[in-house]
Amino acid sequence: MTSDELGQSSDPELRLGVYPGSFNPPTVAHLAIAEAARDKHRLDRVDLCVSTSALAKEHVVHPLFAHRVEVLEAAVAGLDWLAVKVTELQLVAEIATGYGVLIMGADKWTQIQDPVWYGDDPAARDAALASLPTVAVAPRDGHETPAELTLDVIPDLIAKVSSTIARAGETRLMLAAAQDFAARTGAWIEPDRYTAWLNSQSG
């Protein structure tokens, strides 16, 4: 299921949620969070939205952006309630425009409270937060979120699964398409092998 613009659909009756992230790589926790948001808010579709230059992660170069999007699309293939969107936008307030629900982790919820992302202007921060649709937050140790925003996700899943841990070698935490790509190319887990694979593709 696709639409031309973020937050839009060919069917105006659909209830849409957006989950911005780098998904580098996509993990079982990402899928669980999306499912929890879908169930709690009765969403017809969740868009996994990847920014071409993700906020605070602008210097990610490996794997290549095109490969990360390709893997993410393969990971959600067959799930008709999930779609992948690419945007040049960075601020979640802008990405969320037009959506009914904005999905994020508690660490991101904490981050977007910081005025530094709004030109150090608390008023601009407050205006941006006020513009958000319904927010659905996955809990995380060390971060507090309002109970009414918190998703029902298994705590151990969130605590023990992350893209960082997956990149450190715990490939079982990746979604199947990411596991396959990592095994085939070395992406995420063996940088030198991935570079060699890239060079072989260009030759």
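Please read these numbers as outputs of a predicted model, since none were measured by experiment. (Residues numbered from 1 in each chain as written. Predicted model: local features only at pLDDT ≥ 70, side-chain atom pairs only at ≥ 80, totals over all residues. Heavy atoms only, no water.)

Q: Describe the packing of aromatic side chains, and please don't skip the residues or the numbers.
A: Going through the model one piece at a time under the given rule, you end up with four aromatic pairs. With a centroid separation of 5.2 Å and 80° between ring planes, the pair formed by Y19 and F23 is classed as edge-to-face. Accessibility assignment for this pair places Y19 and F23 in one class, buried. Note on Y194 and W197: the rings are 6.0 Å apart at their centroids and 25° apart in plane angle, and the pair reads as stacked. Here the residue Y194 and the residue W197 both occupy positions in helix α9 (residues 191-202), the gap between them amounting to three residues, near one helical turn. For the pair Y194 and W197, one class covers both residues: buried. Feature note: the residues F181, W188, Y194 and W197 constitute an aromatic cluster, connected by ring pairs. A cation over a ring is seen here: R38 above W81, with NZ or CZ 4.3 Å from the ring centre. (Phe/Tyr/Trp six-rings, centres within 6.5 Å; stacked < 30°, edge-to-face > 60°. Buried < 20%, exposed > 50% of the residue type's maximum accessible area, 1.4 Å probe, protein only. Helix = DSSP H or I, 4+ residues; strand = E, 2+ residues; numbered from the N terminus. Lys NZ or Arg CZ within 6 Å of the ring centre and 35° of its normal.)

Q: For the sheet that holds strand β2 (residues 45-51), give the residues involved together with the corresponding values.
A: Strand order across the open sheet formed by five strands is β3-β2-β1-β4-β5, with parallel pairing between neighbours. Taken across any chain shown, the strands that pair with only one partner, and hence form the sheet edges, are β3 (82-87) and β5 (134-138). In this sheet, neighbouring strand axes are inclined to one another by 25° on average, regardless of whether the strands run parallel or antiparallel. Looking at chain direction, strand β4 (residues 101-105) and β5 are connected through five bridges and run parallel. Note that in β5 the partner of M104 across the bridge is V137. The sheet strands contacting helix α1 (residues 28-41) are β1 (16-20), β2, β3, β4 and β5, and the helix crosses β5 at an angle near 140°. Relative to the sheet, helix α2 (residues 65-76) contacts β2 and β3, its axis offset from that of β3 by approximately 165°. (Pairing = 2+ DSSP bridges. Axes fitted to C-alpha atoms, helices over the stretch in contact; angles between N-to-C directions. Contact = heavy atoms within 4.5 Å.)

Q: Go over the pattern of salt bridges with me, naming the residues and quoting the values.
A: Enumeration over the complete set of coordinates arrives at six salt bridges. Between D39 and R38 there is a salt bridge, with its nearest N and O atoms 3.1 Å apart. Taking the shortest distance from any N to any O, the salt bridge between R140 and D107 comes out at 3.1 Å. One end of the pair, R140, is in the loop between β5 and α6 (155-160); the other, D107, is in helix α4 (residues 106-111), with 33 residues separating them in the sequence. (Salt bridge = Lys/Arg side-chain N within 4 Å of Asp/Glu carboxyl O.)

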